[in-house]
Amino acid sequence: MFYTFIRAVAAGIVWLVNGRFEIHNADKLPTGNYILVGPHRTWWDPIYFALAAWPTRFMFMAKIELFKNPILRYILTHANAFPVDRANPGPSVIKMPVQKLKKSNLSLIMFPTGSRHSQAMKGGVMMIAKLSGVPVVPMVYQGPVKLSGLFKRNNVKMSYGNPIYVDKKTKLSDENMQAFGLDLQSAFDQIDHDLDPNFVYIDPKPKETKA
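So, here is what we can say about the structure in this document.

Rules and cut-offs
Residues numbered from 1 in each chain as written. Predicted model: local features only at pLDDT ≥ 70, side-chain atom pairs only at ≥ 80, totals over all residues. Heavy atoms only, no water. Buried < 20%, exposed > 50% of the residue type's maximum accessible area, 1.4 Å probe, protein only. Helix = DSSP H or I, 4+ residues; strand = E, 2+ residues; numbered from the N terminus. Patch = residues over 30% accessible without salt bridge, like charges linked within 9 Å, V, L, I, M, F, W, Y side chains within 5 Å. Areas by Shrake-Rupley, 256 points an atom, 1.4 Å probe, with all protein chains shown as cover. Salt bridge = Lys/Arg side-chain N within 4 Å of Asp/Glu carboxyl O. Pairing = 2+ DSSP bridges. Axes fitted to C-alpha atoms, helices over the stretch in contact; angles between N-to-C directions. Contact = heavy atoms within 4.5 Å. Core = buried A, V, L, I, M, F, W, Y, C linked by side-chain atoms within 4.5 Å.

A short note on the pairing of strand β5 (residues 106-110)
Logical step 1: Of all the five residues making up β5, five are buried; the element is thus mostly covered by neighbouring parts of the structure.
Logical step 2: Side chains Leu106, Leu108 and Met110 of β5 all project onto a buried face; the interleaved residues Ser107 and Ile109 project onto the opposite face, where all are buried too.

So this is what it looks like as structure tokens:
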């Protein structure tokens, strides 16, 4: 009930701030639960992802620091978000979404790099997909990456790619997880190109690299 309410509120705010958004290739979405993944380009792209895939309901991973505020914790918890300690991730980071993907009607939104300012793929998506048996659906967001851009009503476009299935017999070796990460990146690149071949993502706040 709360998820439906907060989704309606978010949809209203998005429409007022930025107007309508475009969704492409929605026919690629599978039936049943799935893991929706994409390159993490803004702090609001998970909101757009969830709005685009409605009426599918999602759970989210959110950094544990966000749960320190009691008001924000209430909203996040009731919107199906659960905390992740990036410095010390525990087994629950995998177990909780796997159980809910199997036993509830919730799908999962994940960002394989874990951070907006990292391009390095991590193995969590493949592990959860293998253990839960649900497909991974790649998706990209093309639109403003600064809040000021949203208010300029530079409209947002999103598109889906073909579902990717992880065989339960596949070993979670470093080699296989690296190959899966490359497959995901290739899917993102292809979707980006098909949606707009001139699109180039530029991180507005890139991490400084140490010399």
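Considerations on a nonpolar patch on the surface
Logical step 1: A grouping of Leu66, Ile71, Leu72, Tyr74 and Ile75 is seen on the molecular surface, where their side chains present a nonpolar patch of about 440 Å² in accessible area.
Logical step 2: With respect to the element layout, leucine 72 can be found in helix α3 (residues 70-78).
Logical step 3: Leucine 72 sits in the partly exposed class, given a relative accessible area of 33%.

Some words on the sheet that holds strand β3 (residues 57-63)
Logical step 1: Spatial ordering of the open sheet is given by β1-β7-β6-β2-β5-β3-β4, a layout of seven strands whose pairing is mixed. Only two strands of the sheet have a single partner each, and these edge strands are β1 (22-24) and β4 (81-84). Taking each pair of neighbouring strands and ignoring which way they run, the sheet shows an average axis angle of 25°.
Logical step 2: Bridge count for strand β6 (residues 136-142) against strand β7 (residues 157-160) is four bridges, and the pairing is antiparallel. In the strand pairing of β7, tyrosine 141 is matched with methionine 158.
Logical step 3: In the packing of helix α7 (residues 174-195) onto the sheet, the strands contacted are β1, β2 (35-37), β6 and β7, and the crossing angle to β6 comes to about 45°.

Here we look at the nonpolar core
Logical step 1: Ranked by size, the top nonpolar core spans 28 residues in total, and within it Leu36, Tyr48, Phe49, Phe58, Ile109, Tyr141 and Met158 carry the most contacts.
Logical step 2: Of all the secondary structure elements, the ones that give two or more residues to this core are α1 (2-18), α2 (45-52), β3, β6 and β7.
Logical step 3: Of all the elements, α2 adds the most residues to this core, at five residues.
Logical step 4: In this view, phenylalanine 58 contacts Tyr3, Tyr34, Leu36, Phe49, Ala50, Ala53, Ala79, Asn80, Leu106, Ser107, Leu108 and Ile109; residues no more than four positions away in its chain are not counted.
Logical step 5: Within the second largest apolar cluster, 27 residues are counted, among which are Val134, Val136, Met177 and Ile191.

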